[in-house]
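These are the residues of each chain, in order.
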Amino acid sequence: QVQLVESGGGLVQAGDSLRLSCAASGRTFSASTVAWFRQTPGKEREFVSVISGLRSGSPVYADSVKGRFTISRDNAKNTLFLQMNSLKPEDTAMYYCAARNNLWTSTDPRQYNYWGQGTQVTVSS
């Protein structure tokens, strides 16, 4: 069982940066694939980035955030991060972290077993 709690969201201006954190509980975090998704009202949950439980695994990013966002994890602290730079108004959404008991990455939210409650990111123009 993994419990996830996101933090770090807020209201920023276009071009600013934010760093989201996701604190995880549970002994299996280091072996879990963890990801960030986002969602706006009336739309489906959208993949943002994922990093696998494999030490050799490379992060995967959605095209819309590639080059601006960086995902990382600190297994010693059971924490997942999302560094978001050069934010745009279209990045405005509720951001969720998610985990799955599998070493392989997936961009499909249906493949994730555990979800946080979300943290709101609002980018003004």
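Above this note sits the structure.
Here the structure is a predicted model, which is why all the values come from computation and not from measurement.

Cut-offs and rules
- Residues numbered from 1 in each chain as written.
- Predicted model: local features only at pLDDT ≥ 70, side-chain atom pairs only at ≥ 80, totals over all residues.
- Heavy atoms only, no water.
- Helix = DSSP H or I, 4+ residues; strand = E, 2+ residues; numbered from the N terminus.
- Rg over C-alpha atoms; globule rule 2.2 N^0.38 Å.
- Buried < 20%, exposed > 50% of the residue type's maximum accessible area, 1.4 Å probe, protein only.
- Contact = heavy atoms within 4.5 Å.
- Areas by Shrake-Rupley, 256 points an atom, 1.4 Å probe, with all protein chains shown as cover.
- Lys, Arg positive; Asp, Glu negative; His and termini not counted.
- Charge placed at Lys NZ, Arg CZ, Asp CG, Glu CD.
- Phe/Tyr/Trp six-rings, centres within 6.5 Å; stacked < 30°, edge-to-face > 60°.
- Lys NZ or Arg CZ within 6 Å of the ring centre and 35° of its normal.
- Pairing = 2+ DSSP bridges.
- Axes fitted to C-alpha atoms, helices over the stretch in contact; angles between N-to-C directions.

J.: I would appreciate a short explanation of the overall build of the chain in the present structure.
T.: Along the chain, the regular secondary structure elements total zero helices and 11 strands. When the helices and strands of the chain are read in sequence order from the N terminus, they spell out β-β-β-β-β-β-β-β-β-β-β. Over its C-alpha trace the chain gives a radius of gyration of 13 Å, about what one expects of a compact globule, namely 14 Å for 125 residues. If one aligns the C-alpha atoms of the chain with their principal axes, the spans along those axes are about 40 × 30 × 25 Å. Taking all 125 residues of the chain together, the buried fraction comes to 42%. Residue pairs at least 24 apart in sequence account for 59% of intrachain contacts in the chain once pairs closer than 6 positions are excluded. Carbon together with sulfur atoms contributes 47% to the accessible area of the chain, which is approximately 6,600 Å² in total. Counting 13 positive and 9 negative side-chain charges, the chain places the centres of these two groups 7 Å from one another.

J.: Where do I start with the packing of aromatic side chains in this structure?
T.: The geometry of two aromatic rings is summed up by the distance between their centres and the angle between their planes. According to the stated counting rule, one finds five aromatic pairs in the structure shown. Here the aromatic rings of Phe37 and Trp115 are separated by 5.2 Å at their centres, their planes lie at 55°, and the arrangement is tilted. With Phe37 in strand β4 (residues 33-39) and Trp115 in strand β10 (residues 114-115), the pair connects residues that are 78 residues apart, well separated along the chain. The exposure class assigned to Trp115 is partly exposed, which follows from its relative accessible area of 27%. In textbook terms, an aromatic cluster arises when at least three aromatic residues are bridged by ring pairs, as seen for Phe37, Phe47, Tyr96, Tyr112 and Trp115. The cationic tip of Arg45 hangs over the ring face of Trp115; the distance from NZ or CZ to the ring centre is 4.6 Å. A cation over an aromatic ring shows up here: Arg100 above the ring of Tyr112, its NZ or CZ 5.8 Å from the ring centre.

J.: For this particular structure, what's the right way to read the pairing of strand β3 (residues 18-25)?
T.: Where strand β1 (residues 3-7) lies against β3, five bridges are found, and the strand directions are antiparallel. Counterpart to Gln3 in the pairing with β3 is Ser25. By the bridge criterion, six bridges tie β3 to strand β8 (residues 79-84) in an arrangement that is antiparallel. Of the residues in β8, the one forming a bridge with Arg19 is Gln83.

J.: I'm lost on the sheet that holds β8 in this one. Help?
T.: Strand pairing in a sheet relies on backbone hydrogen bonds. The paired strands run either parallel or antiparallel. Strand order across the open sheet formed by four strands is β1-β3-β8-β7, with antiparallel pairing between neighbours. Every other strand in the sheet has two partners, leaving β1 and β7 (69-74) as the edge strands with one partner each. For this sheet, the mean inter-axis angle between neighbouring strands, taken without regard to orientation, is 15°.

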